[in-house]
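What follows is the residue order along each chain.
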Amino acid sequence: MSTPPPPSQPQDQPEVVNTQNADLGDGVNRCPRCGSTDIQLRASTGMLICLFCRHEWSEQQAEGQLFDDGNLTELRGTTIGSGAADIAADVNAVVTLKCQGCGAEVVVNTAAAMSSRCHWCRHVLTINNQIANGAVPDAVLPFALSHEEAVARITEFASKRKTFANRQFLKEFTPQNVVGVYMPYMIVDGNVSSDVYGHGEVETRRYTRGTDENRRTYYDADVYQLHRHVDFTVDDLTIESSAERAMMDTSVNTNNIINTILPFDTKNAVRWNANYLNGFSSEKRDQDVEQLQPALEHQLLSIARSQVAPSVSRYGRGVRWEAEKVDVHGTRWVSMYLPVWLYSYFQKEKNMVHYIAVNGRTGETMGSIPVAQGRLLAVSAAVGVVAEVLAIIILVVS
Ligand SMILES: [Zn+2]
Ligand SMILES: [Zn+2]
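What you see is a predicted model, and the numbers here were worked out from it, not measured in a lab.

**Focus: the overall build of the protein**
Piece 1. Each helix and strand counted, the protein has seven helices and 18 strands in total.
Piece 2. In the protein, which comprises 398 residues, the proportion classed as buried is 46%.
Piece 3. On the protein, roughly 20,500 Å² of surface is accessible, and the fraction owed to carbon and sulfur atoms is 50%.

**Quick look at the coordination of the zinc ion (ligand 1)**
Piece 1. For the zinc ion (ligand 1), the full set of protein donor atoms is Cys31 (SG), Cys34 (SG), Cys50 (SG) and Cys53 (SG), at a range of 2.3 Å.
Piece 2. Angles of 104 to 115 degrees at the metal separate the four donor atoms of the zinc ion (ligand 1), which places the site in the tetrahedral class.
Piece 3. Expressed as a motif, the donor residue spacing for the zinc ion (ligand 1) is C-x2-C-x15-C-x2-C. Taken as a pair, Cys34 in the loop between strand S2 (27-28) and strand S3 (39-42) and Cys53 in the loop between strand S4 (47-50) and strand S5 (56-57) lie far apart in primary sequence, 19 residues in all.

**Some words on the coordination of the zinc ion (ligand 2)**
Piece 1. The protein atoms donating to the zinc ion (ligand 2) are Cys99 (SG), Cys102 (SG), Cys118 (SG) and Cys121 (SG), with metal-donor distances spanning 2.3 to 2.4 Å.
Piece 2. Between the four donor atoms coordinating the zinc ion (ligand 2), the angles at the centre fall across 98 to 118 degrees, so the site counts as tetrahedral.
Piece 3. Counting residues between consecutive donors of the zinc ion (ligand 2) along the chain gives the motif C-x2-C-x15-C-x2-C.
Piece 4. Overall, the relative accessible area of 27% leaves Cys121 in the partly exposed class.

**A look at the pattern of salt bridges**
Piece 1. Counted by the stated rule, this structure contains 16 salt bridges.
Piece 2. Between Glu201 and Arg317 there is a salt bridge; the shortest N-O distance is 3.3 Å. One end of the pair, Glu201, is in strand S12 (residues 179-209); the other, Arg317, is in the loop between helix H5 (289-308) and strand S16 (319-347), and 116 residues separate them in sequence.
Piece 3. When its relative accessible area of 23% is taken as the criterion, Glu201 is described as partly exposed.
Piece 4. Taking the relative accessible area as the measure of exposure, Arg317 reaches 41% and is therefore partly exposed.
Piece 5. Several salt bridges converge on common partners, so that one network encompasses Glu63, Asp235, Asp236 and Lys267.

**A short note on the confidence of the model for the protein**
Piece 1. When pLDDT is averaged along the protein, the result is 85; 88% of the residues meet or exceed 70.
Piece 2. A low-confidence stretch, residues 379-398 (pLDDT under 50), is modelled with 24 contacts involving residues beyond four sequence positions or located in other chains.

**Examining the packing of aromatic side chains**
Piece 1. What the rule picks out here adds up to 12 aromatic pairs.
Piece 2. Centroid distance Tyr182 to Phe280: 5.6 Å. Interplanar angle 75 degrees. Geometry classified as edge-to-face. Placement of Tyr182 in strand S12 and of Phe280 in the loop between strand S14 (270-271) and strand S15 (281-282) is noted, with a sequence separation of 98 residues between them. Each member of the pair Tyr182 and Phe280 is classed as buried.
Piece 3. Aromatic side chains Tyr207 and Tyr218 sit 5.7 Å apart centroid to centroid with 20 degrees between the ring planes, which places their arrangement in the stacked category. Placement of Tyr207 in strand S12 and of Tyr218 in strand S13 (residues 216-240) is noted, with a sequence separation of 11 residues between them.
Piece 4. Its relative accessible area of 36% is what places Tyr218 among the partly exposed residues.
Piece 5. A connected cluster of aromatic rings, assembled from ring pairs, spans Phe143, Tyr182, Trp272, Phe280, Tyr337 and Trp341.
Piece 6. Over the ring of Tyr207 we find Arg205, and its NZ or CZ is 4.1 Å from the ring centre.
Piece 7. Taking the ring centre of Tyr315 as reference, the NZ or CZ of Arg314 above it sits at 4.9 Å.

**Comments concerning the pairing of strand S8 (residues 105-109)**
Piece 1. Covered by surrounding structure in S8 are Val106 and Val108 only, the residues Glu105, Val107 and Asn109 on the alternate face being uncovered.
Piece 2. The pairing of strand S7 (residues 94-98) with S8 spans five bridges and is classified as antiparallel. By the bridge assignment, Lys98 is partnered in S8 with Glu105.
Piece 3. Hairpin connection between S7 and S8: a loop of six residues separates the two successive antiparallel strands, and Gly103 in this loop has a positive phi of roughly 90 degrees.

**A closer look at the sheet that holds S2**
Sheet strands pair by backbone hydrogen bonding; their relative direction is either parallel or antiparallel.
Piece 1. An order of S2-S10-S9 is seen for the three strands of this open sheet, with the pairing classed as antiparallel. Two strands close off the open sheet at either side, each with one partner strand: S2 and strand S9 (115-117).
Piece 2. As paired elements, S2 and strand S10 (residues 124-126) share two bridges and run antiparallel to each other. Bridge pairing in S10 links Val28 to Leu125.

**Details of the side chain of Asp288**
Piece 1. Inspection of the secondary structure assignment puts Asp288 in the loop between S15 and H5.
Piece 2. Among the polar contacts made by the side chain of Asp288, one reaches the main-chain amide nitrogen of Ile87 at a distance of 2.8 Å.
Piece 3. Apart from the residues within four sequence positions on either side, Asp288 is in contact with Ala85, Asp86 and Ile87.

**Considering unusual backbone geometry**
Piece 1. A cis amide bond, omega 5 degrees, links Leu262 with the succeeding residue Pro263.
Piece 2. Tracing the chain through its elements places Pro263 in the loop between helix H4 (256-260) and S14.
Piece 3. A positive phi is found at Asp236, a non-glycine position, where the angle reads about 60 degrees.
Piece 4. Structurally, Asp236 is set in strand S13.
Piece 5. Given a relative accessible area of 18%, Asp236 falls into the buried group.
Piece 6. Located in the positive-phi region is Asn351, a residue other than glycine, with phi close to 55 degrees.

**Observations regarding the sheet that holds S5**
Piece 1. In space, the three strands of this open sheet follow the order S3-S4-S5, with antiparallel pairing throughout. Lying at the two open borders of the sheet, with one neighbouring strand each, are S3 and S5.
Piece 2. Strand direction decides the pairing type here: S4 and S5, joined by two bridges, are antiparallel. When the sheet's bridge partners are listed, Leu48 is paired in S5 with Trp57.

Rules behind the numbers
- Residues numbered from 1 in each chain as written.
- Chains lettered and ligands numbered in written order.
- Predicted model: local features only at pLDDT ≥ 70, side-chain atom pairs only at ≥ 80, totals over all residues.
- Heavy atoms only, no water.
- Helix = DSSP H or I, 4+ residues; strand = E, 2+ residues; numbered from the N terminus.
- Buried < 20%, exposed > 50% of the residue type's maximum accessible area, 1.4 Å probe, protein only.
- Areas by Shrake-Rupley, 256 points an atom, 1.4 Å probe, with all protein chains shown as cover.
- Donors = N, O, S within 2.8 Å, 3.2 Å for Na, K, Ca; no water.
- Tetrahedral: all angles 85-135°; square planar, octahedral: opposite > 155°, others 65-115°.
- Salt bridge = Lys/Arg side-chain N within 4 Å of Asp/Glu carboxyl O.
- pLDDT = per-residue confidence, 0-100.
- Contact = heavy atoms within 4.5 Å.
- Phe/Tyr/Trp six-rings, centres within 6.5 Å; stacked < 30°, edge-to-face > 60°.
- Lys NZ or Arg CZ within 6 Å of the ring centre and 35° of its normal.
- Pairing = 2+ DSSP bridges.
- Polar contact = N/O pair within 3.5 Å; in protein donor to acceptor, adjacent residues only side chain to side chain.

Given below as C-alpha coordinates:
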(Lines give C-alpha, C1' and ligand atoms only; values in the text may rest on other atoms or scores of the structure.)
(Ligands and ions follow the chains in the order given, each with its own letter.)
Protein backbone atom coordinates (compact mmCIF):
# COMPACT_ATOMS: atom_id res chain seq x y z
CA MET A 1 0.00 0.00 0.00
CA SER A 2 1.50 3.27 -0.99
CA THR A 3 0.26 6.71 -0.22
CA PRO A 4 -0.53 8.85 -3.24
CA PRO A 5 1.98 11.60 -3.96
CA PRO A 6 1.06 14.99 -2.55
CA PRO A 7 -0.59 17.39 -5.03
CA SER A 8 2.08 19.41 -6.78
CA GLN A 9 2.70 22.73 -5.10
CA PRO A 10 2.75 25.94 -7.08
CA GLN A 11 6.36 27.04 -7.58
CA ASP A 12 7.34 29.40 -4.79
CA GLN A 13 8.51 32.75 -5.99
CA PRO A 14 12.16 33.28 -5.11
CA GLU A 15 12.96 35.87 -2.52
CA VAL A 16 15.21 38.53 -4.02
CA VAL A 17 17.70 40.18 -1.69
CA ASN A 18 19.01 43.58 -2.73
CA THR A 19 22.78 43.31 -3.13
CA GLN A 20 23.32 46.66 -4.81
CA ASN A 21 26.49 48.34 -3.56
CA ALA A 22 24.87 51.44 -2.06
CA ASP A 23 28.18 53.29 -1.77
CA LEU A 24 28.50 53.58 -5.53
CA GLY A 25 26.37 54.97 -8.30
CA ASP A 26 26.55 55.09 -12.06
CA GLY A 27 28.91 57.66 -13.50
CA VAL A 28 31.84 59.30 -11.80
CA ASN A 29 33.14 57.33 -8.79
CA ARG A 30 36.18 58.91 -7.28
CA CYS A 31 39.31 57.82 -5.44
CA PRO A 32 38.47 58.29 -1.75
CA ARG A 33 41.74 60.13 -1.17
CA CYS A 34 42.31 62.46 -4.14
CA GLY A 35 39.08 62.37 -6.12
CA SER A 36 40.59 61.06 -9.36
CA THR A 37 38.53 58.64 -11.46
CA ASP A 38 41.53 56.79 -12.92
CA ILE A 39 41.11 53.59 -10.93
CA GLN A 40 42.24 50.07 -11.71
CA LEU A 41 42.69 46.70 -10.11
CA ARG A 42 46.25 46.02 -9.01
CA ALA A 43 46.37 42.27 -9.43
CA SER A 44 49.41 41.73 -7.23
CA THR A 45 47.50 43.02 -4.21
CA GLY A 46 43.93 42.34 -5.32
CA MET A 47 43.16 45.95 -4.41
CA LEU A 48 41.91 48.89 -6.41
CA ILE A 49 44.59 51.48 -7.04
CA CYS A 50 44.24 55.14 -7.93
CA LEU A 51 46.57 55.73 -10.86
CA PHE A 52 46.95 59.37 -9.84
CA CYS A 53 47.87 59.22 -6.12
CA ARG A 54 48.62 55.46 -5.78
CA HIS A 55 46.14 55.10 -2.94
CA GLU A 56 44.95 51.46 -2.63
CA TRP A 57 41.67 50.22 -1.23
CA SER A 58 39.22 47.42 -1.59
CA GLU A 59 35.50 46.83 -1.62
CA GLN A 60 34.01 44.98 1.33
CA GLN A 61 34.16 41.21 1.19
CA ALA A 62 30.86 39.89 -0.14
CA GLU A 63 30.73 36.92 2.23
CA GLY A 64 28.39 37.72 5.09
CA GLN A 65 27.38 41.03 3.51
CA LEU A 66 24.90 39.97 0.86
CA PHE A 67 22.77 37.65 3.01
CA ASP A 68 22.25 37.05 6.70
CA ASP A 69 24.57 34.09 6.84
CA GLY A 70 23.16 31.77 9.46
CA ASN A 71 22.96 28.02 9.45
CA LEU A 72 22.70 26.42 6.00
CA THR A 73 20.62 23.55 7.43
CA GLU A 74 17.88 26.09 8.03
CA LEU A 75 17.84 27.25 4.41
CA ARG A 76 14.33 27.03 2.89
CA GLY A 77 12.92 28.10 -0.47
CA THR A 78 14.91 29.98 -3.07
CA THR A 79 16.78 33.16 -2.21
CA ILE A 80 18.67 35.05 -4.87
CA GLY A 81 20.81 38.14 -4.91
CA SER A 82 19.40 40.96 -7.01
CA GLY A 83 22.42 40.60 -9.32
CA ALA A 84 21.27 37.04 -10.02
CA ALA A 85 17.68 38.05 -10.78
CA ASP A 86 16.04 37.08 -14.05
CA ILE A 87 17.31 38.78 -17.15
CA ALA A 88 14.75 40.97 -18.89
CA ALA A 89 14.86 40.31 -22.62
CA ASP A 90 13.98 43.88 -23.57
CA VAL A 91 16.66 45.65 -21.57
CA ASN A 92 18.97 47.71 -23.71
CA ALA A 93 22.62 46.92 -23.12
CA VAL A 94 23.56 50.45 -24.07
CA VAL A 95 23.42 52.83 -21.12
CA THR A 96 23.77 56.58 -21.52
CA LEU A 97 25.27 58.40 -18.56
CA LYS A 98 25.48 62.08 -17.90
CA CYS A 99 29.06 62.94 -16.96
CA GLN A 100 29.03 64.70 -13.59
CA GLY A 101 32.33 66.31 -14.54
CA CYS A 102 31.26 68.27 -17.60
CA GLY A 103 27.65 67.36 -18.33
CA ALA A 104 28.36 65.49 -21.55
CA GLU A 105 26.45 62.34 -22.42
CA VAL A 106 28.62 59.23 -22.35
CA VAL A 107 27.54 55.91 -23.79
CA VAL A 108 28.54 52.57 -22.26
CA ASN A 109 27.73 49.37 -24.09
CA THR A 110 27.38 47.02 -21.11
CA ALA A 111 27.61 43.99 -23.37
CA ALA A 112 31.28 44.80 -23.88
CA ALA A 113 32.45 47.13 -21.11
CA MET A 114 31.40 48.39 -17.71
CA SER A 115 33.09 51.75 -17.94
CA SER A 116 33.87 54.46 -20.44
CA ARG A 117 35.98 57.56 -20.48
CA CYS A 118 34.28 60.87 -21.09
CA HIS A 119 36.01 62.11 -24.20
CA TRP A 120 35.53 65.75 -23.18
CA CYS A 121 36.80 65.89 -19.60
CA ARG A 122 38.62 62.51 -19.37
CA HIS A 123 36.71 61.32 -16.30
CA VAL A 124 36.06 57.57 -16.17
CA LEU A 125 32.38 56.71 -15.82
CA THR A 126 31.41 53.31 -14.41
CA ILE A 127 28.25 51.20 -14.28
CA ASN A 128 27.48 50.13 -10.73
CA ASN A 129 23.69 50.08 -10.56
CA GLN A 130 22.34 46.68 -11.40
CA ILE A 131 20.76 46.54 -14.83
CA ALA A 132 18.41 43.70 -15.71
CA ASN A 133 20.61 42.36 -18.52
CA GLY A 134 22.89 40.18 -16.42
CA ALA A 135 25.92 42.43 -16.82
CA VAL A 136 26.22 43.52 -13.17
CA PRO A 137 26.68 40.60 -10.77
CA ASP A 138 26.29 40.51 -7.00
CA ALA A 139 30.01 40.10 -6.44
CA VAL A 140 33.34 39.90 -8.19
CA LEU A 141 36.45 37.88 -7.43
CA PRO A 142 39.34 40.12 -8.55
CA PHE A 143 42.34 38.89 -10.51
CA ALA A 144 45.26 38.05 -8.23
CA LEU A 145 47.62 36.84 -10.97
CA SER A 146 49.26 39.48 -13.17
CA HIS A 147 49.50 39.48 -16.96
CA GLU A 148 53.21 38.56 -16.78
CA GLU A 149 52.50 35.62 -14.51
CA ALA A 150 49.78 34.41 -16.87
CA VAL A 151 52.12 34.67 -19.86
CA ALA A 152 54.70 32.65 -17.93
CA ARG A 153 52.18 29.91 -17.08
CA ILE A 154 50.96 29.64 -20.66
CA THR A 155 54.49 29.54 -22.04
CA GLU A 156 55.37 26.79 -19.60
CA PHE A 157 52.23 24.81 -20.46
CA ALA A 158 52.90 25.00 -24.20
CA SER A 159 56.62 24.32 -24.04
CA LYS A 160 56.05 21.11 -22.08
CA ARG A 161 53.92 19.92 -25.00
CA LYS A 162 56.07 21.27 -27.79
CA THR A 163 57.15 17.88 -29.08
CA PHE A 164 53.63 16.93 -30.14
CA ALA A 165 52.22 20.29 -31.06
CA ASN A 166 51.14 21.25 -34.52
CA ARG A 167 53.92 23.27 -36.20
CA GLN A 168 51.62 26.09 -37.29
CA PHE A 169 50.52 26.51 -33.67
CA LEU A 170 54.11 26.76 -32.51
CA LYS A 171 54.95 29.25 -35.22
CA GLU A 172 52.03 31.50 -34.30
CA PHE A 173 52.33 31.08 -30.53
CA THR A 174 52.15 34.52 -28.89
CA PRO A 175 51.36 34.09 -25.19
CA GLN A 176 51.50 37.89 -24.72
CA ASN A 177 48.09 37.94 -26.40
CA VAL A 178 46.49 36.35 -23.34
CA VAL A 179 43.38 38.26 -22.26
CA GLY A 180 41.97 38.66 -18.77
CA VAL A 181 38.28 37.78 -18.81
CA TYR A 182 35.74 37.82 -16.01
CA MET A 183 33.50 34.80 -16.56
CA PRO A 184 29.93 34.73 -15.21
CA TYR A 185 29.08 32.09 -12.63
CA MET A 186 26.38 31.41 -10.10
CA ILE A 187 27.62 30.54 -6.64
CA VAL A 188 25.08 28.39 -4.86
CA ASP A 189 24.53 27.31 -1.26
CA GLY A 190 22.01 24.58 -0.63
CA ASN A 191 20.23 22.51 1.99
CA VAL A 192 19.52 19.15 0.43
CA SER A 193 18.30 15.61 1.08
CA SER A 194 18.84 12.75 -1.26
CA ASP A 195 17.74 9.12 -1.53
CA VAL A 196 19.56 6.53 -3.57
CA TYR A 197 18.33 3.01 -4.23
CA GLY A 198 20.14 -0.01 -5.59
CA HIS A 199 21.63 -3.42 -4.93
CA GLY A 200 24.86 -4.48 -3.28
CA GLU A 201 26.53 -7.88 -3.22
CA VAL A 202 28.60 -9.62 -0.57
CA GLU A 203 30.59 -12.72 -1.46
CA THR A 204 29.81 -15.58 0.92
CA ARG A 205 31.75 -18.46 -0.63
CA ARG A 206 34.24 -19.08 -3.41
CA TYR A 207 35.05 -22.57 -4.65
CA THR A 208 36.32 -24.46 -7.68
CA ARG A 209 34.88 -27.44 -9.51
CA GLY A 210 36.29 -29.69 -12.17
CA THR A 211 39.86 -30.45 -13.14
CA ASP A 212 42.41 -29.06 -15.58
CA GLU A 213 40.81 -27.12 -18.45
CA ASN A 214 37.35 -27.61 -17.03
CA ARG A 215 38.33 -26.13 -13.74
CA ARG A 216 35.99 -23.27 -12.88
CA THR A 217 35.71 -20.89 -9.97
CA TYR A 218 32.26 -20.23 -8.56
CA TYR A 219 31.12 -17.44 -6.30
CA ASP A 220 28.17 -17.39 -3.96
CA ALA A 221 26.94 -13.98 -3.00
CA ASP A 222 24.14 -12.47 -0.99
CA VAL A 223 22.34 -9.69 -2.80
CA TYR A 224 21.02 -6.84 -0.68
CA GLN A 225 18.53 -4.24 -1.58
CA LEU A 226 19.99 -0.89 -0.60
CA HIS A 227 18.43 2.43 0.28
CA ARG A 228 20.43 5.31 1.63
CA HIS A 229 19.12 8.66 2.74
CA VAL A 230 21.50 11.54 3.19
CA ASP A 231 20.97 15.12 4.37
CA PHE A 232 23.68 17.59 3.50
CA THR A 233 24.45 21.22 2.84
CA VAL A 234 26.61 22.66 0.09
CA ASP A 235 28.53 25.88 0.37
CA ASP A 236 29.62 27.82 -2.73
CA LEU A 237 28.95 25.40 -5.57
CA THR A 238 30.13 26.95 -8.83
CA ILE A 239 27.80 26.85 -11.83
CA GLU A 240 28.52 28.33 -15.23
CA SER A 241 25.91 30.93 -16.16
CA SER A 242 26.74 31.62 -19.80
CA ALA A 243 25.04 29.23 -22.20
CA GLU A 244 27.75 29.69 -24.78
CA ARG A 245 30.52 28.73 -22.35
CA ALA A 246 28.53 25.82 -20.98
CA MET A 247 28.21 24.58 -24.57
CA MET A 248 30.48 21.57 -24.59
CA ASP A 249 30.48 20.80 -28.29
CA THR A 250 34.06 19.59 -28.47
CA SER A 251 34.01 19.55 -32.25
CA VAL A 252 34.17 23.34 -32.35
CA ASN A 253 35.65 24.44 -29.05
CA THR A 254 37.32 23.30 -25.87
CA ASN A 255 35.16 25.14 -23.36
CA ASN A 256 35.37 22.20 -20.99
CA ILE A 257 38.86 23.42 -20.18
CA ILE A 258 37.50 26.26 -18.08
CA ASN A 259 35.97 23.74 -15.71
CA THR A 260 39.29 22.03 -15.20
CA ILE A 261 40.84 25.13 -13.62
CA LEU A 262 38.24 25.25 -10.85
CA PRO A 263 38.04 25.77 -7.91
CA PHE A 264 38.18 29.46 -7.15
CA ASP A 265 38.43 30.90 -3.63
CA THR A 266 34.98 32.45 -3.94
CA LYS A 267 34.94 33.32 -0.21
CA ASN A 268 37.31 36.17 -1.05
CA ALA A 269 34.96 37.81 -3.56
CA VAL A 270 34.11 41.45 -2.98
CA ARG A 271 31.03 43.56 -3.56
CA TRP A 272 30.59 44.88 -7.06
CA ASN A 273 32.62 47.84 -8.20
CA ALA A 274 33.00 48.25 -11.96
CA ASN A 275 36.54 49.55 -11.50
CA TYR A 276 37.69 45.97 -10.89
CA LEU A 277 36.97 45.37 -14.60
CA ASN A 278 39.02 48.24 -16.02
CA GLY A 279 41.58 46.77 -18.40
CA PHE A 280 39.83 43.39 -18.49
CA SER A 281 36.99 42.09 -20.56
CA SER A 282 33.93 40.34 -19.21
CA GLU A 283 31.28 38.01 -20.43
CA LYS A 284 27.70 38.73 -19.52
CA ARG A 285 25.53 36.13 -17.81
CA ASP A 286 22.67 34.91 -20.05
CA GLN A 287 21.15 32.17 -17.86
CA ASP A 288 18.61 32.63 -15.06
CA VAL A 289 18.36 30.63 -11.84
CA GLU A 290 15.48 28.58 -13.24
CA GLN A 291 17.48 27.52 -16.31
CA LEU A 292 20.39 26.42 -14.14
CA GLN A 293 18.35 24.12 -11.87
CA PRO A 294 19.18 20.98 -13.90
CA ALA A 295 22.92 21.75 -13.70
CA LEU A 296 22.57 22.25 -9.95
CA GLU A 297 20.66 18.99 -9.45
CA HIS A 298 23.23 17.15 -11.49
CA GLN A 299 26.00 18.38 -9.18
CA LEU A 300 23.94 17.65 -6.07
CA LEU A 301 23.31 14.06 -7.16
CA SER A 302 26.98 13.37 -7.68
CA ILE A 303 27.70 14.84 -4.25
CA ALA A 304 24.97 12.61 -2.77
CA ARG A 305 26.47 9.52 -4.39
CA SER A 306 29.90 10.29 -3.00
CA GLN A 307 28.38 10.99 0.43
CA VAL A 308 26.79 7.54 0.65
CA ALA A 309 29.80 5.67 -0.76
CA PRO A 310 31.55 5.04 2.60
CA SER A 311 28.36 3.52 4.04
CA VAL A 312 28.30 0.72 1.46
CA SER A 313 31.94 -0.34 1.59
CA ARG A 314 31.01 -3.76 3.07
CA TYR A 315 29.39 -4.79 -0.21
CA GLY A 316 32.66 -6.12 -1.52
CA ARG A 317 31.32 -7.40 -4.84
CA GLY A 318 30.06 -3.96 -5.71
CA VAL A 319 27.06 -1.71 -5.53
CA ARG A 320 24.78 -0.78 -8.39
CA TRP A 321 22.71 2.37 -7.87
CA GLU A 322 19.51 2.15 -9.88
CA ALA A 323 17.42 5.10 -8.78
CA GLU A 324 18.06 8.34 -7.03
CA LYS A 325 16.30 11.53 -6.16
CA VAL A 326 17.24 14.82 -4.67
CA ASP A 327 15.03 17.07 -2.55
CA VAL A 328 16.24 20.63 -2.50
CA HIS A 329 14.86 22.27 0.67
CA GLY A 330 16.54 25.59 0.16
CA THR A 331 19.04 27.34 -2.08
CA ARG A 332 20.73 30.69 -2.14
CA TRP A 333 22.19 32.09 -5.36
CA VAL A 334 24.59 34.90 -6.08
CA SER A 335 26.00 35.82 -9.44
CA MET A 336 29.72 36.38 -9.51
CA TYR A 337 32.46 37.20 -12.00
CA LEU A 338 35.44 34.85 -11.75
CA PRO A 339 38.85 35.79 -13.21
CA VAL A 340 40.34 33.72 -16.05
CA TRP A 341 43.34 34.44 -18.24
CA LEU A 342 42.58 33.06 -21.69
CA TYR A 343 44.87 32.36 -24.56
CA SER A 344 42.96 31.25 -27.62
CA TYR A 345 44.15 29.79 -30.86
CA PHE A 346 42.02 29.22 -33.92
CA GLN A 347 43.06 26.16 -35.89
CA LYS A 348 41.96 26.98 -39.43
CA GLU A 349 42.19 23.55 -41.03
CA LYS A 350 39.91 22.04 -38.38
CA ASN A 351 37.78 25.12 -37.80
CA MET A 352 38.39 24.68 -34.10
CA VAL A 353 39.18 27.06 -31.28
CA HIS A 354 41.75 25.89 -28.75
CA TYR A 355 42.21 27.52 -25.37
CA ILE A 356 44.79 27.62 -22.69
CA ALA A 357 43.13 28.92 -19.52
CA VAL A 358 44.79 30.10 -16.34
CA ASN A 359 42.89 30.48 -13.09
CA GLY A 360 43.29 34.19 -12.28
CA ARG A 361 43.62 33.38 -8.57
CA THR A 362 45.51 30.13 -8.21
CA GLY A 363 47.48 29.99 -11.48
CA GLU A 364 46.08 26.52 -12.22
CA THR A 365 46.58 26.07 -15.97
CA MET A 366 44.90 23.76 -18.45
CA GLY A 367 44.45 23.84 -22.15
CA SER A 368 44.21 22.09 -25.43
CA ILE A 369 46.90 22.32 -28.04
CA PRO A 370 46.46 21.20 -31.63
CA VAL A 371 48.43 18.00 -31.97
CA ALA A 372 50.54 17.08 -34.95
CA GLN A 373 49.39 13.54 -35.73
CA GLY A 374 52.65 12.48 -37.40
CA ARG A 375 54.76 13.49 -34.48
CA LEU A 376 52.42 11.79 -32.08
CA LEU A 377 52.89 8.41 -33.74
CA ALA A 378 56.62 8.87 -34.04
CA VAL A 379 57.09 9.13 -30.32
CA SER A 380 54.40 6.79 -29.10
CA ALA A 381 57.04 4.27 -28.08
CA ALA A 382 58.21 6.54 -25.32
CA VAL A 383 55.71 5.37 -22.75
CA GLY A 384 56.44 7.97 -20.14
CA VAL A 385 55.40 10.85 -22.33
CA VAL A 386 52.48 9.10 -23.95
CA ALA A 387 50.42 9.46 -20.82
CA GLU A 388 50.69 13.21 -21.09
CA VAL A 389 49.82 13.21 -24.76
CA LEU A 390 46.74 11.14 -24.09
CA ALA A 391 45.65 13.72 -21.57
CA ILE A 392 45.81 16.37 -24.25
CA ILE A 393 43.87 14.30 -26.74
CA ILE A 394 41.19 13.42 -24.23
CA LEU A 395 40.55 17.07 -23.59
CA VAL A 396 40.06 17.61 -27.28
CA VAL A 397 37.82 14.70 -28.14
CA SER A 398 36.01 13.71 -24.95
ZN1 LIG B 1 43.74 59.08 -5.70
ZN1 LIG C 1 32.96 64.71 -18.86
